[in-house]
Amino acid sequence: MSQTATDGGGGTGSLRSSRIETRANALLGDCRRAFHAFGELDELAENLRILSLNAELAAGRAGEMGRAVRALTQYTRELVNRLAQIQGEMNSLRARTYSLSSTILRGLLNLQLFERAAELINAGSHDGATRTAANRAFAETMRTLVETLGDMASSVEDLSRRAHGIEEVVSQSDSIATNIAIEASAAGVHEKEFRTVSDTMRHYVDDLRKMIDEASDSVRRALEKGESLRRVGLENLQTLRSNGFLE
């Protein structure tokens, strides 16, 4: 019997769909956990926006003593806008990732069907042309799936970049909270009001940091799995080409 796309003898046994399915499902699980961790990002951004407005009003009441705080609150609004931008990008990325997930799951199902069909044909008394057609159908399905897995890996990389953007906002917001606390110590009768702003901002920063901490492991694992799947896919395609099932 000629070498086939699904046999275990020497060339393409590693192409079995179950290996890809296990890794792909693990990747999708990590992506879902990461997006879930960022689920309250929009609420935290809104809380920071309201805080910045209240802080600016307090700075206005403080007159000259509130000038530095007013500048800090304006910078806070820039960070809020950045968070809102990231949130919008996250929403689009989530929709794209879930769409790719559905495509991957359908592709895995098709791959399993073609794989089983190829196994039955290769084990039977079919002629060479039928075997070749079955193996090439399997190979083309594999190629489509690998392309989608590559798109998923790129989406995970985008998710990692958005998470890094949130980390930058957290660091800058923490610095603002510290500077407002410093200004509060010299604000006289306005000290309590400014210190409340600083403490509240630090509370929101802590919430953002917890969000990042919760998501970071899932993002890291998803990056590793996405890159691993990309490599496996490219290796599979190279094996299929070597065996003459792909152009």
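Note that residues are indexed from 1 along each chain, following the sequence as it is written. Owing to the predicted nature of the model, reporting of local features is limited to residues with pLDDT of at least 70; listing and counting of side-chain atom pairs is limited to 80 or more, with chain, interface and lining totals taken over all residues. By convention in this description, side-chain values take in all heavy atoms of the structure and omit both hydrogens and water.

Chemist: Whenever I open this one, the overall build of the protein confuses me. Can you help?
Modeler: If you tally the helices and strands in the protein, you get 5 helices and 0 strands. In this text, helices come from DSSP runs of H or I with a minimum length of four residues, and strands from runs of E with a minimum of two, each type numbered from the N-terminal end. Reading the protein from its N terminus to its C terminus gives the helix and strand order α-α-α-α-α. Relative to the compact-globule value of 18 Å for 247 residues, the protein shows a C-alpha radius of gyration of 27 Å, a clear excess of over 25%. Looking at the protein as a whole, 43% of its 247 residues are labelled buried. Here the analysis covers contacts within the protein between residues at least 6 apart in sequence; of these, 83% occur between residues at least 24 apart. This count recognises Lys and Arg as positive and Asp and Glu as negative, with His and chain-terminal groups excluded. Lysine's charge is taken at NZ, arginine's at CZ, aspartate's at CG and glutamate's at CD. Side chains of the protein carry 31 positive and 35 negative charges; the gap between the two charge centres is 3 Å. Here the globule rule is a power law, 2.2 Å times the number of residues to the power 0.38, and the radius of gyration is based on C-alpha atoms. Per-residue accessibility, obtained with a 1.4 Å probe over protein chains only, is compared with the maximum for each type, and a residue is labelled buried under 20%, exposed over 50%, and partly exposed between these values. Should any heavy atoms of two residues lie within 4.5 Å, those residues are considered in contact.

Chemist: Any chance you could explain the confidence of the model for the protein here in plain terms?
Modeler: Should pLDDT be low for a region, the predicted coordinates there are not to be read in detail. Within a predicted model, pLDDT stands for the predictor's per-residue confidence, ranging from 0 to 100. Chain-level pLDDT for the protein is 86 on average; 93% of the residues reach the 70-or-more range. Mean pLDDT across the elements of the protein ranges from a minimum in helix H1 (residues 17-37), with 87, to a maximum in helix H2 (residues 41-62), with 93. Within the model, the stretch residues 1-14 combines pLDDT values under 50 with 36 contacts to residues more than four positions away or in other chains.

Chemist: Sorry if this is basic, but what is going on with the environment of Val170 here?
Modeler: Mapping Val170 onto the fold places it in helix H4 (residues 128-184). The spatial distance from the C-alpha of Val170 to the C-alpha of Arg220 is 19 Å, given a sequence separation of 50 residues. Once you skip the residues sitting within four places of it in the chain, Val170 turns out to touch Val205, Leu208 and Arg209.

Chemist: Explain the layout of surface pockets here, please?
Modeler: Where empty space is left becomes clear once a probe the size of a water molecule has been rolled over the atoms. A cavity here means a set of 1 Å grid points, computed over protein atoms only, where a 1.4 Å probe fits but cannot escape. A pocket is an open set with protein on both sides within 12 Å along at least 5 of 7 lines, and lining residues have an atom within 4 Å of a point. Grid points are joined across faces, edges and corners, and a volume is the space filled by probe spheres set on the points. Of the pockets and cavities examined, the largest pocket occupies roughly 190 Å³. In terms of lining, the largest pocket is formed by His36, Ala37, Gly39, Glu40, Glu43, Leu44, Asn47, Asp207, Lys210, Met211 and Glu214. Mapped onto the lining of the largest pocket, the elements with two or more residues apiece are H1, H2 and helix H5 (191-242). Residue contributions to the lining of the largest pocket peak at 4 residues, all from H5.

Chemist: Is there a simple way to explain the nonpolar core in this structure?
Modeler: Grouped burial of nonpolar side chains is what soluble globular proteins tend to show. Among the buried residues, those of types Ala, Val, Leu, Ile, Met, Phe, Trp, Tyr and Cys that are joined through side-chain atoms within 4.5 Å form a nonpolar core. In terms of nonpolar packing, the biggest core is built from 41 residues, with Phe38, Leu83, Leu159, Ile166, Phe194 and Leu208 touching the most fellow members. Contributions of two or more residues to this core are made by H1, H2, helix H3 (67-123), H4 and H5. For this core, the leading source of residues is H5, giving 10 residues. Among residues more than four places away in sequence, those in contact with Leu83 are Leu41, Ala45, Leu48, Ile166, Val169 and Leu208. Ala139, Ala222, Leu240 and Phe245 belong to the second largest nonpolar core, which has 23 residues in total.

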